[in-house]
Amino acid sequence: MAFRVMLRLEVVPGKENEFEKAWHKGTDAVTGHPANLGQSLSREAGQESTYIIISDWVDEPRFREFEESPTHLEHRATLHPFRKGGSFHVMEILTHIEGKAAADAR
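Not measured: the values here are computed from a predicted model.

**Concerning the sheet that holds strand E1 (residues 2-11)**
Across the sheet, which stays open at both edges, the four strands sit in the order E2-E3-E1-E4 with antiparallel pairing between neighbours. Every interior strand has two partners, whereas the edge strands, strand E2 (36-43) and strand E4 (83-93), have only one. Looking at each pair of strands side by side, their axes are set apart by 15° on average, direction ignored. For E2 and strand E3 (residues 50-57), the ladder comprises seven bridges, and the chain directions are antiparallel. By the bridge assignment, Gly38 is partnered in E3 with Asp56.

**A look at the nonpolar core**
Membership of the largest hydrophobic core is limited to nine residues, which are Leu9, Val11, Phe19, Ala22, Trp23, Tyr51, Ile53, Leu79 and Phe82. If you list the elements that add at least two residues to this core, you get E1, helix H1 (16-25) and E3. Tallying contributions element by element places H1 first for this core, with three residues. Ignoring anything within four residues of it in the chain, the contact list for Leu9 reads Phe19, Ser49, Thr50, Tyr51, Ile53, Arg83, Gly85 and Gly86. Among the nonpolar cores identified, the runner-up in size contains seven residues, and Val5, Val30, Trp57 and Phe63 belong to it.

**Brief notes about the pairing of E3**
Of all the eight residues making up E3, seven are buried; the element is thus mostly covered by neighbouring parts of the structure. By the bridge criterion, eight bridges tie E1 to E3 in an arrangement that is antiparallel. Across the sheet, residue Arg4 finds its bridge partner in E3, namely Asp56. Between the end of E2 and the start of E3, which pair antiparallel, lie six residues, with Gly46 showing a positive phi angle near 80°.

**Quick word on the environment of Leu41**
Relative to the elements of secondary structure, Leu41 occurs in strand E2. Judged by its relative accessible area of 24%, Leu41 is partly exposed. If we ignore the near neighbours within four places in the chain, the residues touching Leu41 are Phe19, Glu20, Trp23, His24, Tyr51, Ile52 and Ile53.

**Notes on the side chain of His33**
For His33, the position within the fold is in the loop between helix H2 (27-31) and E2. Here His33 is in contact with Asp28, Trp57, Arg62, Glu65 and Phe66, once residues within four sequence places are set aside.

Procedures and definitions
- Residues numbered from 1 in each chain as written.
- Predicted model: local features only at pLDDT ≥ 70, side-chain atom pairs only at ≥ 80, totals over all residues.
- Heavy atoms only, no water.
- Pairing = 2+ DSSP bridges.
- Helix = DSSP H or I, 4+ residues; strand = E, 2+ residues; numbered from the N terminus.
- Axes fitted to C-alpha atoms, helices over the stretch in contact; angles between N-to-C directions.
- Core = buried A, V, L, I, M, F, W, Y, C linked by side-chain atoms within 4.5 Å.
- Buried < 20%, exposed > 50% of the residue type's maximum accessible area, 1.4 Å probe, protein only.
- Contact = heavy atoms within 4.5 Å.

Have a look at this one:
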């Protein structure tokens, strides 16, 4: 189906607002790529400085192409000063079942 990337990012405490602004400012670096299906930014419940960034891609090879691109490297560099720690996960989406609320919203 698709390829998903999940980044769990621990931000330097006190830098959350600056990080969010920088992330929003650079979203086109990701969503502007022709293989990107979308992305989201979430914050872990009860963890003010921990974020989850999820991006979906048409396939892994196109994501890997993007990952090495100058556009991505530049965007990643703008977020790096806020990073305290984190982890990176990649996965194949095997099945997606739309929930009732999503179906009703259309």
